[in-house]
Amino acid sequence: MRPFHYTRAGDVAEALRILSQDEGAALIAGGTDLVTLMRDGISGPSHLVDVNGLGLDEVRWLPGGGVRLGAMCRNAANDSRLRRAYPVLSEALRSGASPQIRNRASVGGNLLQQTRCTYFRLPEFACNRRNAGSGCSALQGDSHAQAIFGASSQCVAVHPSDFSVALQALDAVVLTEGTRGRRRIPVDQFFRLPGDTPQVTTELRRDELIVGVELPDSPFAARSHYVKFRERASYAFALVSAAVAVEVRSGTVRSARVALGGVAAKPWRSQAAEEALVGARLNEETIAAAGDAAARGAQPQRHNAYKVELVRRVVRQALSELG
Amino acid sequence: MDETTRESPPSRRAFLSRSLTAGAGLAALGGTGTATAAAPAVAAAAAVDPPETLPVSLTVNGRRRTLRTDPRTSLLDALREDLGLTGPKKGCNQGACGACTVLLDGTRILSCITFAVMFEGAEITTVEGLADGDRLHPVQRAFVEHDGFQCGFCTSGQITSAVGLLAENPRPSTAEIKELMSGNLCRCAAYPNIVAAVESAAEGRS
Ligand SMILES: Cc1cc2nc3c(=O)[nH]c(=O)nc-3n(C[C@H](O)[C@H](O)[C@H](O)COP(=O)(O)OP(=O)(O)OC[C@H]3O[C@@H](n4cnc5c(N)ncnc54)[C@H](O)[C@@H]3O)c2cc1C
Ligand code: FES
Ligand code: FES
């Protein structure tokens, strides 16, 4: 591992100062992703800025409705009010990694965790996301875990986070602070699709950090659910997952959100599936239509056509289990 | 003795692994292939700045310890190599197996995917710190009574993880035990007995 300087930042301003002065500086929160990337030579910061002393670990309910989770809230966040108001969020968090990892992993780190694409994680393979312009080994290699939506000829990797899929279904906003001020970035805009610049994965600037995420009060949040399909019952990344949220009034769906995990470089919102639900009754037929709509337009790679059918089924299951 | 200050004298094992690291680093920088096995470490020492070491003071199993450590040292390596606590095991060294589980302020975490310098002022408990003298911790006793292991490599991680689980959730159902112990893999597949041990430890408490 490349040697690095280490600073335990005392406040946000100090962290930002180091980030803006030292091009090679990186933040470390739980370290559950970054340490492995550094050990494997995928990431080599010259200066690590520890953000564990910044506070930023509050769950704060907002007077006008909604809630703010600090960037350093751990993935084990087990707040009963949060569970009731945003079930999909608690379920998604609980389905990720293992209890030990969740106890340490942070909200900010979870959003910024790197793809699990094997070729990205093994420096001996070409990867445009790791080394821009070097090529994409997944195109010729094993594509079973890769994207079926939003990929490009440069990169077919998927974002591995469960939490972010729930955030996408909840219209969450990422709160950042930088040397040039604060920003509020909707989750859907926060993550970028690979296009011609797969090395740029989010909107976050070099001299910015995530201070938290905000979940608005919404009419669909309380009736929401997360379903994750994986290769074993626990402690595995999603092959496909779905976060759904539905508002039903007088038997009719008034508003809905459907977001998919494991299928794209960002948590993938399926507006087509939402449209299949809104205005209809939530019955077997509409649920099947929503599943079909969610899978429409998928562009599978050589080894992952199975994900298209999985999308249908996972969406169907998630909506059926809403009751 | 309450206070221990150690400059981490290099153990043979630490020396060997660090020489290997230095050698690999040199190769990556394009070092020539003619050097003998021992030479690259020397050459690397001359070529790069010696790593910065930083002091870190933490409480481990109730004892205050201070060490100077290269910031690259994982908490697991600091515990095993610098403090001689070999209870936490290095199974995968990438967060995938749970063998390195320790308690941070009573909460279970993985010590392999975190740096020791980040634990200034923290309180760490390893499997060595669970027993009260010769009296085994109830979870340890349950593992013995239920034969919750075969080769034993994963066991210290399993036990520490189970202690953390019962602190989070004192009365887990069998299904919850399976789910909440899933961060600890067992190559010998002693799972049925591990689950039985955790169940009985939970019952013993309630
Ligand atoms: C074996 C294993 C299994 C896993 N399984 C799952 C799973 O099933 N589902 C899932 O969702 N995840 C899974 N994960 C990933 C895990 O959720 C992430 O590693 C974790 O969320 C990262 O958080 P962290 O705080 O440890 O981040 P770190 O490792 O500390 O940092 C990750 C990145 O975020 C940046 N960063 C951290 N905090 C901030 C901030 N406040 N502002 C700006 N940048 C920041 C860092 O610079 C770094 O680039 C798994 C991980 C492992 C090791
Ligand atoms: S050694 Fe830490 S999880 Fe395997
Ligand atoms: S007892 Fe052998 S690995 Fe678990």
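It should be emphasised that the depicted structure is a prediction, and the values quoted were computed from it without experimental measurement.

Visitor: Any details on the interface of chain B and chain A? Residues and values, ideally.
Guide: Taken together, the contact between chain B and chain A spans 34 residues of the former and 31 residues of the latter. Here chain B and chain A share an interface that buries about 2,600 Å² over both sides, 56% of which is from carbon and sulfur atoms. Between the two partners, chain B and chain A, sit 14 residue pairs in polar contact (both at pLDDT 80 or more). Elements supplying a minimum of two residues to the side of chain B that touches chain A: strand S4 (101-104), strand S5 (107-110), helix H5 (155-168) and helix H6 (174-180) of chain B. Per element, the largest residue contribution to the side of chain B that touches chain A is 4 residues, and it comes from S5(B). Of the residues that constitute the side of chain B that touches chain A, the class distribution is 15 nonpolar, 13 polar and 6 charged.

Visitor: If you had to explain the state of the cysteines to someone new, which residues and values would you point to?
Guide: Residues and elements named next belong to chain A. Inspection of every chain in the model, using the stated rule, returns 0 disulfides over all chains. Here Cys136 stays unpaired: no disulfide links it, and the sulfur of Cys155, its closest cysteine neighbor, is 5.9 Å away. Since its relative accessible area comes to 19%, Cys136 is described here as buried.

Visitor: For unusual backbone geometry, give the residues involved together with the corresponding values.
Guide: Negative phi values dominate among residues other than glycine, just as trans dominates among peptide bonds. The backbone phi angle of Leu56(A) is positive, close to 50 degrees, even though this residue is not glycine. Mapping Leu56(A) onto the fold places it in the loop between strand S3 (47-50) and strand S4 (59-61). With relative accessibility at 24%, the residue Leu56(A) sits in the partly exposed group. A positive phi angle, close to 55 degrees, is found at Asp147(B), a residue other than glycine. When you line up the elements, Asp147(B) lands in the loop between helix H4 (138-145) and H5. Under the relative-accessibility criterion, Asp147(B) is labelled partly exposed at 45%.

Visitor: If you had to explain the domain arrangement of chain B to someone new, which residues and values would you point to?
Guide: Residue and element names in this part refer to chain B. Domain annotation for chain B reports domain 1 (49-129) and domain 2 (130-206). Measuring from the centre of the C-alpha atoms in domain 1 to the corresponding centre in domain 2 gives 22 Å. Interface of domain 1 and domain 2: buried area, both sides summed, is about 1,300 Å²; carbon and sulfur atoms make up 54% of it. Inspection of the region where domain 1 meets domain 2 yields 1 salt bridge.

Visitor: Summarise the site of ligand 1; cite the residues concerned and give the values.
Guide: Looking at ligand 1, there are 34 residues lining it, with Leu27(A), Gly31(A), Thr32(A), Ser106(A) and Asp162(A) nearest. With respect to ligand 1, the chains having nearby residues are chains A and B. Within the contact set of ligand 1, an oxygen atom lies 2.9 Å away from a backbone nitrogen or oxygen of Asp33(A). Contact with the protein chains covers 93% of the free accessible surface of ligand 1, which is 980 Å².

Visitor: How would you summarise the environment of Gly65(A) if you had to cite specific residues and measurements?
Guide: All names here are of chain A. In this fold, Gly65 is placed in the loop between S4 and strand S5 (67-70). For Gly65, a relative accessible area of 27% translates into the label partly exposed. Along the backbone, Gly65 and Pro216 are 151 residues apart, and their C-alpha atoms lie at a distance of 6.8 Å.

Visitor: Before we move on, can you summarise the domain arrangement of chain A with the specific residues and values?
Guide: By domain assignment, chain A separates into domain 1 (1-49) and domain 2 (224-322). For domain 1 of chain A and domain 2 of chain A, the distance between their C-alpha centres works out to 37 Å.

Visitor: Break down the packing of aromatic side chains for me, with residues and values.
Guide: Residues and elements named next belong to chain A. Scanning the model with the defined rule gives 5 aromatic pairs over all chains in all. Consider the rings of Phe190 and Phe191, whose centres lie 5.2 Å apart with planes at 90 degrees: the pair is edge-to-face. By relative accessible area, Phe190 is classed as buried at 0%. Of note, Arg81 hangs over the ring of Trp61, and the distance from its end group to the ring centre comes to 3.9 Å.

About the thresholds
Counting of residues starts from 1 at the beginning of each chain's written sequence and follows it residue by residue. As they are written, the chains are lettered A onward and the ligands numbered 1 onward, keeping that order. Local features in this predicted model are restricted to residues of pLDDT 70 or higher, and side-chain atom pairs are both shown and tallied only at a pLDDT of 80 or more, whereas totals for entire chains, interfaces and linings draw on every residue. Remark: hydrogens and water are excluded; side-chain values derive from all non-hydrogen atoms of the structure. Note on contacts: a residue pair qualifies if any of its non-hydrogen atoms lie within 4.5 Å across the two residues. By buried area we mean the combined loss of accessible area, with a 1.4 Å probe, across both parts when two parts are placed together. Two N or O atoms count as a polar contact when they lie within 3.5 Å, although within protein this holds only if one can serve as hydrogen donor and the other as acceptor, and sequence-adjacent residues are included solely when both atoms are side-chain atoms. Comment: elements are numbered from the N terminus, with helices defined as DSSP H or I runs of at least four residues and strands as E runs of at least two. Under the scheme applied here, ten amino acids are nonpolar (Ala, Val, Leu, Ile, Met, Phe, Trp, Tyr, Cys and Pro), four are charged (Asp, Glu, Lys and Arg), and all others, including Gly, are polar. By definition, disulfides here are pairs of cysteine sulfur atoms that lie within 2.5 Å. Throughout, exposure labels follow a simple rule: accessible area from a 1.4 Å probe, protein chains only, divided by the maximum for the residue type, with under 20% read as buried, over 50% as exposed, and the rest as partly exposed. Domains are outlined according to an automatic or database domain assignment. What makes a salt bridge here is a side-chain nitrogen of Lys or Arg within 4 Å of a carboxyl oxygen of Asp or Glu, nothing more. A cutoff of 4 Å decides nearness: a residue is near a molecule or strand if any of its heavy atoms lies inside that distance of it. Values of accessible area rely on a 1.4 Å probe in the Shrake-Rupley scheme; residue burial ignores everything except the protein chains shown. Pairing of aromatic side chains here covers Phe, Tyr and the six-membered ring of Trp, requires ring centres within 6.5 Å, and sorts the geometry by plane angle: under 30 degrees stacked, over 60 edge-to-face, intermediate tilted. Only lysine NZ and arginine CZ atoms are considered, and such an atom sits over a ring when it is within 6 Å of the ring centre and within 35 degrees of the ring normal.

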